[in-house]
Amino acid sequence: MLPSAASHPSSLFVSPSLLSSPSLLSSPSLLSSPSLLTITIILTITIILTITIILTITTILTITIILTITIILTITIILTITTILTITIILTITIILTITIILTITIILTITIILTITIILTITIILTITIILTITIILTITIILTITIILTITIILTITIILTITTILTITIILTITIILTITIILTITIILTITIILTITIILTITIILTITIILTITTILTITIILTITIILIITIILTITIILTITIILTITIILTITIILTIAIILTITIILTITIILTITIILTITIILTITMILTITIILTITIILTITIILTITIILTITIIINAITIILTITIILAITIILTITIILPITIILTIAIILTITIILTITIILTITIILTITIILTITIILTITIILTITMILTITIILTITIILAITIILAITIILTITIILTITIILTSTIILTITIILTITIILTITIILTITIIHTITIILTITIILTITIILTITIILTITIILTITLSITITINTITSVIILRLIGQAVGITWNGQTVKKNSLVSLSAVQPRVNATTSAAQAPLVCQGIAGGQWYDPSGVLFPLATPDPVSTPGGLGQRNGSVGVELYRGGPSVFPHGVQCCTNTTITLCVGMYSDLALAAYMVLTSQGGVQFQLLTPTNVDPPVFQLTCTSTSSPPTDVLWTTNGSRVSNTSSQIVTDRPTSTYNNTLTVTGRAYGMYKCTVSTTCSPVCGATGFTLNPRSTTSSLTVQAPPGPPTGVTAMQSGPTTVSVSWTAPTSGGPVTRYDIYYVANGGPSTSRGSTTSASYVLTSLQDGQYNISVIAVGTSLPSLSASSSVAVVPAPPGPPTGVTAVQSGPTSVSVSWTAPTSGGPVTRYDIYYVANGGPSTSGGSTISTSYVLTKLQVGVQYNISVIAVGTSLPSLSANVILTLIPSTPSLTIAPVTFTSITAMWSQPGGEIGTTFTLSYTYQGQCGGTGGGGSVSVGNATQYTITGLQEFSAYTLTITASIGVWRSPPASVLVNTSSAAPTAPPNNLIEVTKTSSSVTISWGEVPCQDQNSVIVEYRVLYGAVSSGVGGTVDTSGRTLTVNGLSPYTNYFIKVSAVNSDRAMGPYSSPLFVVTDQSTPGPVTGLQAFNKTFKTITLTWQPPPVPNGVIIMYQVTYSTNGVVNTYNTTISPVTITGLVPRTTNTFSVTAYTITGPGTPLQVQTSTADIPHVTGVVVSAINTTSVRVSWLAAQLPPDGILTGYTVYYLSLPNTSKRQSGGYTSHTFPPTSTSGNINNLNPNGVYQFRVVAQVTITGQLYSGEMDTSLVNTPTITPGLNWYCSQKKRRRI
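Remember, it's a predicted structure, so these values are computed and weren't measured experimentally.

The rules behind the values
Residues numbered from 1 in each chain as written. Predicted model: local features only at pLDDT ≥ 70, side-chain atom pairs only at ≥ 80, totals over all residues. Heavy atoms only, no water. Helix = DSSP H or I, 4+ residues; strand = E, 2+ residues; numbered from the N terminus. Buried < 20%, exposed > 50% of the residue type's maximum accessible area, 1.4 Å probe, protein only. Contact = heavy atoms within 4.5 Å. Polar contact = N/O pair within 3.5 Å; in protein donor to acceptor, adjacent residues only side chain to side chain. Disulfide = S-S within 2.5 Å. Salt bridge = Lys/Arg side-chain N within 4 Å of Asp/Glu carboxyl O. Phe/Tyr/Trp six-rings, centres within 6.5 Å; stacked < 30°, edge-to-face > 60°. Pairing = 2+ DSSP bridges. Axes fitted to C-alpha atoms, helices over the stretch in contact; angles between N-to-C directions. pLDDT = per-residue confidence, 0-100. Core = buried A, V, L, I, M, F, W, Y, C linked by side-chain atoms within 4.5 Å. Patch = residues over 30% accessible without salt bridge, like charges linked within 9 Å, V, L, I, M, F, W, Y side chains within 5 Å. Areas by Shrake-Rupley, 256 points an atom, 1.4 Å probe, with all protein chains shown as cover.

Description of the overall build of the protein chain
Counting its secondary structure elements, the protein chain contains 9 helices and 62 strands. Looking at the protein chain as a whole, 41% of its 1338 residues are labelled buried. For the protein chain, the share of sequence-separated contacts (at least 6 apart) that also reach a separation of at least 24 residues comes to 67%.

Quick look at the structure:
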């Protein structure tokens, strides 16, 4: 089979009739295509929505920045006020403490010198103090009044600034609204004039000039109003400044007069005091007043300058904003005029060439869009400018407030400083006066009473004065805080108002835009007369509804008039009818529809109409129509077939399924109602007569029936009667086309039983080391019980299911130690009960006793005890070891977690009964015992220098037990058949002894034992030889026993006795390859040895030498030569395939680098048509014949020795393939013929070219779906081109060229190339070359 055209986008299609068609550009349908309108409307809506989203995000960011700045400023003000209050409180406390200290010192000094003061001086002091206090109070009141006046002026100026800003904002808002209204009026007039301009170019130009003049006049008027408002604001600000300056001068004069009067009164009072004090006080007060006046004037001038600068900056900002607004309005107006002019020009051109109603609607939509965008831009610009103005105003107000606060702090500091200076001056004056009048004496009682009274009065006066100052300061601070709070509140309210206004404007704008676009779309659809959907006889057919066969009228030929009630698929971009598999119905031609009873379509006046080819019955099922955006389907049936298709059954009733485990509360369950129906159905669920769910399935199918699983999920224990009702009805078109469907329904039900009550009396008890028995009483309420589910929670962990039972008890097994909460749930026919639980602690059983206890003396006073862990009982946590010495009391030896222990500090000659006890997590096991008596420890025996006839032995006892004696013994064997002997000697407590009179070249065994009373230690022995020499002869009789490919077994005899010269303890074997010398040595004590690790089929030499006890080695024997056996060879190398034809392949390789023997042959294995073939050879290369063309084969080459095959080596290769034809070129000859040319195919020698076959396929013009099979034409093998005739002038064709090759009498088709020509765009004589993206075998 040739592949479908739809699956090859690279295929070449040729329509000979369109190669020479000259009418392609003359069709007006391209200019009036409604797709252009759709794209324009979509793009307009997209642009508007994008701009709206961007402006909304900008506004939100601006508001966020304003709120952030406001919060930061508020925090700054609060911190400033807190700092000022803190400084004021600190200064107040400092002054109070200073005055208290001064008064304390004064009282002490006064009491000290009371006896020396005269009544006259006392009266003078009292008068002086009174005058000074009067002056102080007057100065304090003056300063307080000054501060009050300054704060009052500050508040007045603040309120004035706020009113000025409010006025400016109000005027700005009024101007903004005026500008918006003016622009709206201008745009409205522009729209009306635009509609008028469509009728005549002359009127358009005239109205354009009038609009231009109107806009200029409007801008001039706006500028004039702006200038007038600016002059008015400047005049108002000038008047405010004038009033401020006059008030400032008046305050300064008033303060000066008050200060002058105060100075005159002060001077008059001071003149009554002594000359020295008068001069001092006058000078001090004059300096202080001068500084105060200078500071006051400086503060007033500073505030005036700051206010002046602030007002100038405010005016500058307002003028700048006004100029920016004016320039923005002018630029926007010019832009609007130019845009409208360009649009009008384009509109006039489009009006001449395109349908006028569409152009009018598009023009209105574009103008409205531009109007909305410009309006939103102006509103946002004004909003941003107002926001900046508010931020700058708040910043200026806060700056002035901070400056005033700092000035007030400095003024209070100066006042406090002056007060402290005056207090110090008073103290000095009192001190001088008291010092001068110290000689005079007065009565003690009167003077003390008067001075104390005056001191108390002065203290109270000062404290009251400080309290008044602090109260006034706090009141002013609170006033400032309230003022700032009011300003911030007004700012936030204005900001929120502006935000809400912008939001409302944007919402209205978006609504107007959507409404205009909707109306525009409806108007366009009405104008072009195409509504999206399927209609029958002017009526709209519902999606997925039923349609009668009678609705699809038969069509005989093109001359027959259309039926009265056709099915029409209509849409903006037109529609097409196709079946659900995606195959389009054929387009009606002048001939009748080719297949009687089949479906065809024809382009109608408002859409694509669907027809039958004749009155015969056509296949029932789904037919769909689609355009660029919408797909609609209907189910079409004949009147007779409807009854067979209208099936409605319910299968298996309602099924219940519990979705959650039984211990989940509340439970979740699902009900399933399976129904079989055609066409669509409605599903209704009810429980106990009440509706709980209503779902509808609108599905049309090609099959007679369809199965639906309708599910209902319920959470909780809602039991009762559940019903599933499935119903079906016919759509209105069914009745209108001649058949109806009476409503049908079927109902299935299921009763969900009430869940049982929870079990009662749940008890849990440990019944074994790892088991717990649970029992309970069956519930007496609720529904019946089908089983009980048991769960448990171990040590607060997750809940675990342990099984189910139908009885009222259960045994839990394989439990670990810990606390268990066990739950029992009664499960009914559908729903589970609530759980009932009980808790129990699992305690393990004691372990069994240890087994296999053994005790071994490990030292002079220590015993090593070991045992096997118990295999029964509970787990072991440790082992306790006890012992009883000679029947005495039990003693603890220690504890361990391992299965061994060492007891220390024991005594030799004492019997010990040792016990081992396993201890569990709760209880210990029974004990396991072993009895042991300690004996003396074995001495450590060493040998000193040995001669030919003597040996010196030395020893020591590790324990150093007291009362130990030693016995030394020795034995020997005679050499070369001689007689042996020995002896022993008791040496007491000596630790060294020399044995003499021994034989040379002999082996002696020395043994030492230690004794304490009747207890003897184990003996310690050592083998030693008297002085000896190396063997003088090699072992004799070296022979080969057996051999393999990798080993040789040899044996040999002893060295002659007279040549041993000592005891022979081992033998050394030397071996190696004769060719390379690679080998080694092996030491052994026996006289038989297997040498392993040898290479196969290799000649080795082997020698052997004897070694005595002094490690002296004798000479090697004569070599024994042995050749190892052969083995399987290694893999061949360099396996390659070459000289490949259709049926032969030549292989070549190199012999194995490791042959492991003599190579006797090579075996080649391969498969042909599933049959495995072998080929044996002794040479390389070899040619394999009888292969299948175009087939991949795996060849394996294995080398053989006499022992068998070695490791194979594989290579995968293919025989030669049938070459594909290249260079395919298709060119048009006329409207029904084309010429196809190609390059000649190149073949291997065992193939014969028999010809070329050209395949071509006709496809529909409007689709690349396959509508028929390929047509072929064969050309002789000598041809490289050919003509294809009798083609359809209106068709598109796909061409493919393949080579036909005969190989040993069998015909093969070669590879083909695929080419595509898009016939609507080519001209005669133009060649189209094929691509090679995909190649397929026929």
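Digging into the side chain of T1177
When you line up the elements, T1177 lands in strand β49 (residues 1171–1177). Looking at T1177, its side chain comes within polar contact range of the main-chain nitrogen of I1179, at 3.2 Å.

Digging into the state of the cysteines
What the rule picks out here adds up to 1 disulfide. The disulfide that involves C673 links it to C724, with 2.4 Å between the sulfurs. Taking the sign of the torsion about the S-S bond as the criterion, the disulfide between C673 and C724, at about -80 degrees, is left-handed. Placement of the pair is C673 in strand β11 (residues 668–678) and C724 in strand β15 (residues 720–728), with a sequence separation of 51 residues. According to the relative accessible area criterion, C724 is buried, its value standing at 0%.

Topic: the pattern of salt bridges
Taken as a whole, this structure holds 6 salt bridges when the rule is applied. Between R1111 and E1066 there is a salt bridge; the shortest N-O distance is 2.4 Å. A residue pair is termed long-range when its members are at least 10 positions apart, and R1111 in the loop between β44 (1099–1108) and β45 (1120–1123) and E1066 in strand β41 (residues 1064–1073) qualify at 45 residues. On the basis of relative accessibility, which here comes to 15%, the residue E1066 falls in the buried class. With its nearest N and O atoms 3.7 Å apart, the salt bridge here joins D1217 to R1190. With D1217 in the loop between β53 (1209–1214) and β54 (1225–1230) and R1190 in the loop between β50 (1182–1184) and β51 (1192–1201), this residue pair connects regions lying 27 residues apart in the sequence. When its relative accessible area of 23% is taken as the criterion, R1190 is described as partly exposed.

Here's the deal with the packing of aromatic side chains
What characterises a pair of aromatic rings is the spacing of the ring centres plus the angle enclosed by the ring planes. Taken as a whole and assessed by the stated rule, the structure comprises 17 aromatic pairs. With centroids separated by 6.2 Å and ring planes inclined at 85 degrees, the aromatic side chains of F669 and Y722 adopt a geometry described as edge-to-face. Residue F669 is located in strand β11, and its partner Y722 is located in strand β15; the two are separated by 53 residues in the primary sequence. Judged by relative accessible area, which is 0%, F669 ranks as buried. Of the aromatic side chains, those joined through ring pairs into one cluster are F656, F669 and Y722.

Comments concerning the environment of A855
Inspection of the secondary structure assignment puts A855 in strand β24 (residues 851–859). The class of A855 is buried, set by a relative accessible area of 17%. With 59 residues separating them in the primary sequence, A855 and I914 have C-alpha atoms 8.1 Å apart. If we ignore the near neighbours within four places in the chain, the residues touching A855 are V863, S864, V865, I914, V930 and L932.

A few points about the sheet that holds strand β47 (residues 1145–1150)
Ordered in space as β46-β47-β50, the 3 strands form an open sheet in which the pairing is antiparallel. In this open sheet, the two edge strands, each paired with only one partner strand, are β46 (1133–1138) and β50. The mean angle between the axes of side-by-side strands here comes to 25 degrees, regardless of whether they run parallel or antiparallel. In this sheet, β50 lies alongside β47 in antiparallel orientation, the contact comprising 3 bridges. Bridging across to β50, I1145 finds its partner in I1184.

Description of unusual backbone geometry
Residue P666 is bonded to the preceding D665 through a cis peptide linkage, with omega at 0 degrees. By secondary structure assignment, the location of P666 is in the loop between β10 (647–658) and β11. Note that the residue after S1180, namely P1181, is joined by a cis bond; omega there is 10 degrees. With respect to the helices and strands, P1181 occurs in the loop between β49 and β50. Phi is positive for N795, close to 55 degrees, though the residue is something other than glycine. Assignment of secondary structure puts N795 in the loop between β19 (787–794) and β20 (799–805).

Regarding the confidence of the model for the protein chain
The pLDDT averaged across the protein chain works out to 74; a share of 65% of its residues lies at or above 70. Taken element by element, the predicted model of the protein chain shows its lowest mean pLDDT in helix α1 (residues 16–19) (31) and its highest in strand β40 (residues 1048–1051) (95). Considering only residues more than four positions removed or in separate chains, one finds that residues 524–530, a stretch of pLDDT under 50, has 14 contacts. A low-confidence stretch, residues 1315–1338 stays under pLDDT 50, and its non-local contacts, those more than four residues away or across chains, total 78 contacts.

Brief notes about the sheet that holds strand β17 (residues 760–768)
Read across the sheet, 3 strands follow the order β17-β18-β21 without closing on themselves; strand pairing throughout is antiparallel. Looking at which strands have only one partner, the edges of the open sheet turn out to be β17 and β21 (809–812). Taken pair by pair, the neighbouring strands of this sheet meet at an average axis angle of 20 degrees, ignoring direction. Here 6 bridges tie β17 to strand β18 (residues 771–777), and the two strands are oriented antiparallel to one another. Residue pairing for β18: T763 is matched across the bridge by S775.

Considerations on the nonpolar core
Counting 20 residues, the largest nonpolar core has I1050, W1052, V1069 and I1102 as its most contacted members. Going through the elements one at a time, β40, β41, β43 (1088–1091), β44 and β45 are the ones with two or more residues in this core. Beyond its immediate chain neighbours, meaning those up to four positions away, I1050 contacts L1038, I1039, E1040, V1041, V1069, R1087, T1088, L1089, I1102 and L1120. Counting 19 residues, the second largest nonpolar core, distinct from the first, contains Y879, L903, Y912 and V930.

Digging into a nonpolar patch on the surface
The grouping of I474, I478, L482, I486, I490 and L494 at the surface amounts to a nonpolar patch, some 520 Å² of accessible area in total. Position of L494 among the secondary structure elements: in helix α7 (residues 444–528).

Brief notes about the side chain of N1193
On the secondary structure map, N1193 appears in strand β51. For N1193, a relative accessible area of 4% corresponds to the buried category. The contact partners of N1193, leaving out residues within four places of it in the chain, are S1167, L1187, V1211, Q1212, T1213 and T1215.

Considering the pairing of β43
Going residue by residue along β43, you find L1089 and V1091 tucked away on one face and T1088 and T1090 left uncovered on the opposite face. Taken together, the 4 bridges between β40 and β43 define a ladder with antiparallel strand orientation. Considered in β43, the bridge of V1048 is made with V1091.

As for the environment of I382
Mapped onto the elements, I382 comes out in helix α6 (residues 356–436). By relative accessible area, which is 5% here, I382 ends up buried.

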